[in-house]
Structure formats: C-alpha cells, structure tokens
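A structural walkthrough
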Amino acid sequence: TSLQEAVGQVVDHDFAVILLRLDAASRLGLDTAKRLREQARSRSVPIIFIAPSGADDFPLEEAFALGAVDYLGEPVHPALLRAKVSLFADLYGKTARIAELEEAESERAGLLREVQAAGDRMTEIFAQAPAFMAVLSGPDHVFELVNEHYLQLVGKRELVGMKAKQVFPELEGQGFFEIVDKVYATGQPCFGTNLPIVLQRQPDAPPEERYIDLVYMA
C-alpha cells in the first residue's frame, strides 16, 4: 500500500525479484534501490525498473550499478512483465533448492563425522574391554571385530572376514553355533554362566577345555 511498507517487506522477507518504478520528477526509485542494496537480505535481489512513459533519459549506468537487470517502459505489456518475472522466480526456486541440497549435504557430512567419531570411540572401548568380545555379521556369522582378550581365549588365529564355522570346526556339536543362530534369527539375547567349551587353541596342540560366561546379543 506504500513504498515504506514495500521496503519493509523486502527487508524482512526473501524475494525473487523487485519491481521498482522510477519517478520522472525525482530520484525516489534510485534512492530506494540504494537503500535496498544496503540491507543484507535484499543486497543481491535483482531489480527490474519500470520507466515512465517518455523517459528517454533513463539513467542506465546508475540503475545497473544498483543491481538492475532490466527495465521496461510504460505502458508495460502484462505478458512481457509476467515472462520476465517468471524467469527470475524460476531461477530463485532453483537456487533455493540447490541451497537446501547443499545444507542437507552439509548436515549429512556432519552427521557422518559424528558417527565415525562415535565408531572410533566404540572401537577403542571394544579393544580395551577387560572381557573377551567379538562382533559377527550375517547368517553365516562372519567376524567383523575381535579384541585381544578374545584371541587369548581362542588362540592366535585369523578371524576377521572369516565365518565362525570355518575357524572353529571343533565347536561343531557343542551347541554354540545353535545358540548364535537362534540369537541372529530372533534378536533375543542369550546368557550363559560357567559353560564348558572345548577349543583347539593351537593347530598341533590337543583340545583344551575351558569354562566361560558369555552373552550373545543381536
């Protein structure tokens, strides 16, 4: 309803393009453009000037220095005005979408760094845990992580990337594979106390019987 209200809207909200009429009798349009360029939100918003009829001395150099991208002489043809405005509206929408994607990618990268840091901390805790621990994945129970205490229990052997039944053939028939199968299938944990286990800790050594407390968790 007024120039003051319009300027207030531009200062407080984002716009794709500004239509600004030049007053033939004053510098109001140019002064307004200068005011808008002093505001952070509207500093780079493109401006289309509307030049009054008969304004042969349109101040091109000054107008374009203030961010004008075009100017139209009155009377303005509505189709021409809509075409020019829609061009900047479309560009604004695409730019906003790119900014959203960049922000989302930045957030994703930040979350990934947090997850990696948490993973590094968990790996360190895992390695320093006083109990024997291992992480297995998939229905074949492929070893992903083992700590030093686990290797002390089962003997120094290659485990990571190997299936449990490949590296522990001596456990067949002792019930441990069946337990871990059930935990994997149901997601329900299993607890055992003072369970006997027979392990061949060295390739040429005789089997050894141990007693262990264990927890299998999905």
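Residues numbered from 1 in each chain as written. Predicted model: local features only at pLDDT ≥ 70, side-chain atom pairs only at ≥ 80, totals over all residues. Heavy atoms only, no water.

1. Side note on the pairing of strand β4 (residues 134-137)
For clarity, the cut-off: For two strands to pair, DSSP has to find at least two bridges joining them. Only DSSP runs of H or I reaching four residues or more are called helices, and only runs of E reaching two or more are called strands; each is numbered from the N terminus.
In the sheet, β4 pairs with strand β5 (residues 142-146) via four bridges, with the strands oriented antiparallel. Residue pairing for β5: Leu136 is matched across the bridge by Phe143.

2. A closer look at the packing of helix α1 (residues 3-12) against helix α2 (residues 28-37)
This is how the line gets drawn: Interaxial angle, 0 to 180 degrees, is taken between N-to-C directions of lines fitted to C-alpha atoms, where a helix line uses only the stretch in contact. Any angle between 65 and 115 degrees counts as roughly perpendicular, while under 35 counts as roughly parallel, over 145 as roughly antiparallel, and the rest as oblique. In this scheme, a crossing is called left-handed if the near helix is turned counterclockwise away from the far one by less than a right angle; it is called right-handed if the turn is clockwise. Whether two residues are in contact is decided by their heavy atoms: any pair within 4.5 Å suffices. Classes in brief: Ala, Val, Leu, Ile, Met, Phe, Trp, Tyr, Cys and Pro nonpolar; Asp, Glu, Lys and Arg charged; the others, Gly included, polar.
At a closest axis distance of 11 Å, the pairing of α1 and α2 adopts a crossing angle of 25°. Compared by their axis directions, α1 and α2 come out roughly parallel. The two elements α1 and α2 cross, and the hand of that crossing is right-handed. Between α1, through Leu3, Val7 and Val10, and α2, the contact on the second element is made entirely by Leu28, Thr32, Arg35 and Leu36. Within the contact of α1 with α2, the residues separate by chemical class into five nonpolar, one polar and one charged.

3. Points about helix α4 (residues 78-128)
The cut-off we apply is this: Given the number of residues in a helix, its expected span is that number minus one, multiplied by 1.5 Å. Categorising residues by exposure relies on relative accessible area from a 1.4 Å probe, with only protein chains included: less than 20% of the type maximum marks a residue as buried, more than 50% marks it as exposed, and the intermediate range marks it as partly exposed.
For α4, which comprises 51 residues, the first-to-last C-alpha distance of 74 Å matches the rise-based estimate of 75 Å (1.5 Å per residue) to within 8%. Residues of α4 that are buried: Phe88, Gly110 and Phe126. Its buried side turned inward, α4 meets β2 (47-51), β3 (68-73), β4 and β5.

4. Quick notes on the environment of Val10
Relative to the helices and strands, Val10 resides in helix α1. Residue classification places Val10 among the buried residues on the basis of a relative accessible area of 10%. As for Val10 and Ser42, which are separated by 32 residues in sequence, their C-alpha atoms are 6.5 Å apart. Those residues in contact with Val10 that sit more than four places away from it in its chain are Phe15, Ile18, Leu36, Arg41 and Ser42.

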